[in-house]
Amino acid sequence: MAQRPYIVGNWKMNGTRAMLSEARAIDRAAQRHMKVEVAVAPPFTLVHAVHREAEQIGVGAQDCSPNADGAFTGDISATMVADAGAKFVILGHSERREGYGETSELVRAKADAALEAGLRVIICCGETLETRESGKAEAFVAKQLKVSLPKVEDAGEKISVAYEPIWAIGTGQTATIDDIATMHAMIRKLLIEIYGEEQALEIRILYGGSVKPENATDILGTAEVGGALVGGASLTADSFMSIALAATESVEG
Ligand code: PGA
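The present account deals with the structure reproduced in this document. These figures come from a predicted structure and were not determined experimentally. (Residues numbered from 1 in each chain as written. Predicted model: local features only at pLDDT ≥ 70, side-chain atom pairs only at ≥ 80, totals over all residues. Heavy atoms only, no water.)

Details of the side chain of S94
Structurally, the position occupied by S94 is in helix α4 (residues 94–100). With relative accessibility at 10%, the residue S94 sits in the buried group. (Helix = DSSP H or I, 4+ residues; strand = E, 2+ residues; numbered from the N terminus. Buried < 20%, exposed > 50% of the residue type's maximum accessible area, 1.4 Å probe, protein only.)

Some points on the sheet that holds strand β8 (residues 227–230)
Strand order in the closed barrel made by the 8 strands is β1-β2-β3-β4-β5-β6-β7-β8, with parallel pairing throughout. Averaged over all pairs of adjacent strands, the angle between strand axes in this sheet comes to 25 degrees, irrespective of strand direction. The pairing of strand β3 (residues 58–61) with strand β4 (residues 88–91) spans 2 bridges and is parallel. Each residue of the ladder has a partner; that of A61, found in β4, is V89. (Pairing = 2+ DSSP bridges. Axes fitted to C-alpha atoms, helices over the stretch in contact; angles between N-to-C directions.)

Description of the packing of aromatic side chains
One pass over the structure, following the stated rule, counts 2 aromatic pairs. Aromatic side chains Y6 and F88 sit 6.3 Å apart centroid to centroid with 70 degrees between the ring planes, which places their arrangement in the edge-to-face category. Highlighted residues: Y6 in strand β1 (residues 6–10) and F88 in strand β4, separated in sequence by 82 residues. The class of F88 is buried, set by a relative accessible area of 2%. Stacked on the ring of Y100, the Lys or Arg R96 has its end atom at 4.5 Å from the ring centre. Positioned over the ring face of Y6 is R204, at 4.4 Å from the centre of the ring. (Phe/Tyr/Trp six-rings, centres within 6.5 Å; stacked < 30°, edge-to-face > 60°. Lys NZ or Arg CZ within 6 Å of the ring centre and 35° of its normal.)

Describing the pattern of salt bridges
For side chains of opposite charge, pairing can occur when their charged atoms come near one another. This model, assessed by the stated rule, comprises 14 salt bridges. The partner of R96 in a salt bridge is E102, with the nearest N and O atoms 2.9 Å apart. The partly exposed category is assigned to R96, whose relative accessible area is 24%. E102 sits in the buried class, given a relative accessible area of 7%. (Salt bridge = Lys/Arg side-chain N within 4 Å of Asp/Glu carboxyl O.)

Describing the packing of helix α11 (residues 213–220) against helix α12 (residues 237–252)
For any two helices packed against each other, one specifies the inter-axial angle together with the distance between the axes. Running from N to C, α11 and α12 cross one another at 25 degrees; their axes reach a closest spacing of 9 Å. One element, α11, and the other, α12, form an angle in the roughly parallel class. Crossing handedness for the pair α11 and α12: right-handed. Contacts between α11 and α12 pair P213, A216, T217 and L220 from the former with S239, S242, I243, A246, A247 and S250 from the latter. The residue inventory of the contact of α11 with α12, partitioned by class, reads 6 nonpolar, 4 polar and no charged. (Parallel < 35°, antiparallel > 145°, perpendicular 65-115°, else oblique. Left-handed = near helix turned anticlockwise from the far one by under 90°. Contact = heavy atoms within 4.5 Å. Nonpolar A, V, L, I, M, F, W, Y, C, P; charged D, E, K, R; others polar.)

Details of the site of the ligand
Around the ligand, the structure places 13 residues, and the nearest of them are K12, H93, E164, G170 and S210. One nitrogen or oxygen atom from the side chain of E164 is found 2.7 Å from an oxygen atom belonging to the ligand. Within the backbone of G170, one N or O atom sits 2.6 Å away from an oxygen atom of the ligand. Calculation on the ligand without its partners gives an accessible area of 280 Å², and the protein chains cover 97% of this total. Its residues placed into classes, the shell around the ligand shows 4 nonpolar, 7 polar and 2 charged. (Near = heavy atom within 4 Å. Polar contact = N/O pair within 3.5 Å; in protein donor to acceptor, adjacent residues only side chain to side chain. Areas by Shrake-Rupley, 256 points an atom, 1.4 Å probe, with all protein chains shown as cover.)

Regarding the pairing of strand β2 (residues 37–41)
In terms of burial, β2 is largely enclosed, as 5 of its 5 residues are buried. Burial of the side chains of β2 extends over both faces: E37, A39 and A41 are buried on one face and V38 and V40 on the other. Relative to β2, β1 is paired through 5 bridges, and the arrangement is parallel. Across the sheet, the residue bridging to V8 is A39, located in β2. In this region the chain leaves β1, passes through helix α1 (residues 20–30) and returns to the parallel neighbour β2; the handedness of that crossover is right-handed. (Right-handed = clockwise from strand over helix to strand, strands pointing away.)

In short, the description is geometric, and any link to function would need to be established separately.
Put into structure tokens, the structure is as follows:
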């Protein structure tokens with residue numbers, strides 16, 4: 001059975017407890033969008049508080065350590081994330097790959113740790129503008145995913161992929177609908193090779209990068225787009241839930 005569209009807010013390093021009212025508003029509004037799975041990944045410091053507020057939405061983290069426990073000052077393990085109430089974790093976001101030198105091997109190790117702790121994972125991938133302009137975007141993303149994706153039995157339930165072209169994140173630029181469709185089709189094919197058709201067809205491939213209420217309908221209506229990973233526009237319930245509404249409408253047709 002095809003899964004519901006997945007609309008995930010990535011709050012990045014935004015939000016103190018003052019943002020809890022926004023999380024409550026998102027949660028209340030999500031109760032009117034049962035055909036869509038809505039989730040928010042606040043900073044670590046708010047995971048537990050948002051979890052306590054949430055009746056409808058899923059709560060996740062934006063990263064976790066590949067290590068189980070021990071002398072890793074400043075790190076947060078997957079078990080701790082799960083203990084705080086998170087049900088999923090975003091891994092391999094380009095801001096971590098680019099900003100902190102995270103390799104696909106490290107992303108894979110984090111994914112293994114997250115799955116071991118009972119979390120679902122959203123594995124991010126995406127190319128730079130330079131790579132896209134050189135015509136190598138698909139090969140680059142395929143390589144990232146081949147190394148980053150964990151091997152797991154029921155992948156359809158546990159894994160989502162987020163394709164986020166780096167040049168589209170936070171810039172107001174989005175990839176063309178054709179480029180999104182081509183990349184998502186390539187990713188689907190790769191998922192079938194890795195997990196087999198039955199599981200692979202259940203894996204939602206999200207698009208991310210300047211998704212806004214104004215472009216959500218077109219993006220979510222594109223073949224093989226199973227949802228959106230939303231940064232800036234997830235920080236207010238108003239704009240985030242307009243995107244959820246577009247997802248509801250894409251299901252209802
Ligand atoms: P953006 O961020 O929607 O602000 O472009 C998306 C993301 O980085 O996940």
